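For reference, the chains in residue letters:
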Amino acid sequence: MNPFSTITLLIVDDEAEIRSGLRSILSWEDYGVSVIGTAASGAEALDKIRYYEPDILITDIQMPGMSGLELVRRAKKEQFDCSFVILSGYDEFEYAKSAIKYGVREYLLKPISIKELTEIILTLKEDILSKRDIHSDRLSTLHKLRTAQISIQKNNLIPQLLRGDLTAPELLEVIQDYSLPIRDKECCIVYIQAFSLHLSGEEFPEVSLCIGKLKHSLEECLAGTSILINEYPPNGLLLLVNLPFTAPDGSSLKETIKAHISMRAEREEHIQIAAAIGTPVPSLLSILVSFKDARQAITWHIYPQAGSVLESQELSMDQPPIIMPGNEILEAILKDNPEEIKVHFNEYLDQLLTTKTPPPSYLYSMCNYLIITLQSQLSKYLDGTPKSYTGNSFATLQSLNSLEEIRAFMCRILGGFAEELSVSRAVKSDPLIEKAMDYINKNLLKSPRTEDVCSYLGLSKSYFSTYFKNKTQLNFRDYTLDLKINYAQEQLKFSEHTPSQISMLLGYEDYRSFSRAFKTRTGLSPTDYQKQYTAEERSRQ
């Protein structure tokens, strides 16, 4: 392909599902378009515009912090020659007027039409190419494209090595052709991850922005050294480092990483950053081994005493003796006593922690065993397995960022079992509650309100609300929300149903609200839950 016909594209949206979808919705390369990256916030996007100078930028209009329109305004103010395409779920004329005011070329409403998006990209591409003066600006254009190609190859090399896509001759050719700073010799992977300290289950774009700033500071500090730095979604970095390593200021690899993490953490009050250094390997082609070690080692970040930079070779992988849970937690669930559930679970977790910093996988396994055991024990009281939690608890536990989150997640699941048992007892013993439940279940996709149920039952709202709460220990809103999340979990097991489709099916006008509620109750976003389930299904086949 003629390099002068290549167009660069940056995708911006605060929802990971949308970013991933836009990246895969078209075979961009077939249209002469190179996707040079994605951004989860306006601020992160502005940094990437300054670095990559993309030809086209697709951005959501509504994002926390810097909106899509503000991003366009600031990029225009800094005189970047970029064609903007605005995506929005809002069709108010005022948004369109503002977009036109800032020089936005196209304005699309969600859900996006593939045909319409393709036509827009091809139109913009033709317009961009027509403005390129090959004769007078050839060297400038070639330099820009060469810079973009090198950036793309730098971003591609680590994923290619982890997938095993390159042979030794191909690797040497890539390194030479693109003048990469890395060599095929002893090396290791450093895995850096940023975590939100908010326990709400909501995703915060400032975490992604923090990682972007950390990447920029590391690139500036380590310029000229044998190292490659790539983003590793969500909210992570991978450093491919030739060994032995010495920073320009004489610091060791661990000292350098620790200094940058500490500097960034001091400025980010609600974000924790951890890094793990994988085992050294003799060749770039063996880097997967180092990556797996680093990915396992970083799980130790849940222990505050472990420090911000972990080295896989210094961690003990020995599994402590298995400690079986007693009957106290089950008895507290059967009594529907949330405080007792919390007390007895925390006692059990403290028992598991008697061994100094046991492997996190040990904690996950024991907590997972507890959930599975309780599900089996409660099935005889519920005429079947509990439905309040149907996810993969081991995988969810792995995604949590601290012991506090593990405690909160487990108490939420165990409390859900108690609530489900309480509701089941109320239904069996009370015809009125049974009738109400039947109506709610049959009309769940119509988002039944308290008023609807009261009209069906012929009761006043105040009487029914009090009666329902007294009988089930739940308020009406929480009960219907739990049913919706249970329904969503079942539907997400089918890959043909996207999270956004299920969100709309359940009556959510805003996908973010659905995602936040789902993650609060399950520990995973809808997208991650679906990926986790489909991955499990593939592994069984």
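The model shown is predicted, which means the values in this text are computed figures rather than measured ones. (Residues numbered from 1 in each chain as written. Predicted model: local features only at pLDDT ≥ 70, side-chain atom pairs only at ≥ 80, totals over all residues. Heavy atoms only, no water.)

Further remarks concern the side chain of N368. Counting through the fold element by element, N368 comes out in helix α13 (residues 360-382). Not counting chain neighbours up to four residues away, the residues in contact with N368 comprise S393, F394 and L397. (Helix = DSSP H or I, 4+ residues; strand = E, 2+ residues; numbered from the N terminus. Contact = heavy atoms within 4.5 Å.)

Along the chain, E78 falls in the loop between α3 (68-77) and β4 (83-88). Residues E78 and R50, 28 residues apart in the sequence, show an inter-C-alpha distance of 9.0 Å. When neighbours within four sequence positions are excluded, E78 is seen to be in contact with L46 and R50.

The next subject is the pairing of strand β2 (residues 33-39). With 7 of its 7 residues buried, β2 lies for the most part within the structure. Relative to β2, strand β1 (residues 7-12) runs parallel, the two being bridged by 6 bridges. Across the sheet, residue L10 finds its bridge partner in β2, namely G37. At this point the chain moves from β1, through helix α1 (residues 16-24), to the parallel β2, and the crossover so formed is right-handed. (Buried < 20%, exposed > 50% of the residue type's maximum accessible area, 1.4 Å probe, protein only. Pairing = 2+ DSSP bridges. Right-handed = clockwise from strand over helix to strand, strands pointing away.)

Once that is clear, we can look at the pattern of salt bridges. Summed over the entire model, instances satisfying the criterion amount to 14 salt bridges. Close ionic contact of K254 with E311 constitutes a salt bridge, the shortest N to O distance being 3.4 Å. One end of the pair, K254, is in helix α9 (residues 253-267); the other, E311, is in strand β10 (residues 309-311), with 57 residues separating them in the sequence. Of the residues examined, K254 reaches a relative accessible area of 29% and is grouped as partly exposed. (Salt bridge = Lys/Arg side-chain N within 4 Å of Asp/Glu carboxyl O.)

Applying the stated criterion to the full structure yields 13 aromatic pairs. Summarising the aromatic geometry, the rings of Y232 and F291 are spaced 5.6 Å apart at their centres and angled 75° between planes, so their arrangement reads as edge-to-face. Taken together, the positions of Y232 in the loop between β7 (227-231) and β8 (236-242) and F291 in helix α10 (residues 287-297) put the pair 59 residues apart, joining distant regions of the chain. Judged by its relative accessible area of 22%, Y232 is partly exposed. The class for F291 is buried, based on a relative accessible area of 5%. (Phe/Tyr/Trp six-rings, centres within 6.5 Å; stacked < 30°, edge-to-face > 60°.)

A word on the sheet that holds β2. Pairing within the open sheet is parallel, and its 5 strands lie in the order β2-β1-β3-β4-β5. Looking along the sheet, the strands with just one partner apiece sit at the ends: β2 and β5 (106-109). On average, adjacent strands in this sheet sit at an angle of 20° to one another, irrespective of strand direction. Bridging between strand β3 (residues 56-60) and β4 involves 5 bridges; their strand directions are parallel. The partner of D60 across the bridge, within β4, is L87. Along the sheet, helix α5 (residues 114-131) contacts β1, β2, β3, β4 and β5; its crossing angle with β3, the most-contacted strand, is approximately 145°. (Axes fitted to C-alpha atoms, helices over the stretch in contact; angles between N-to-C directions.)

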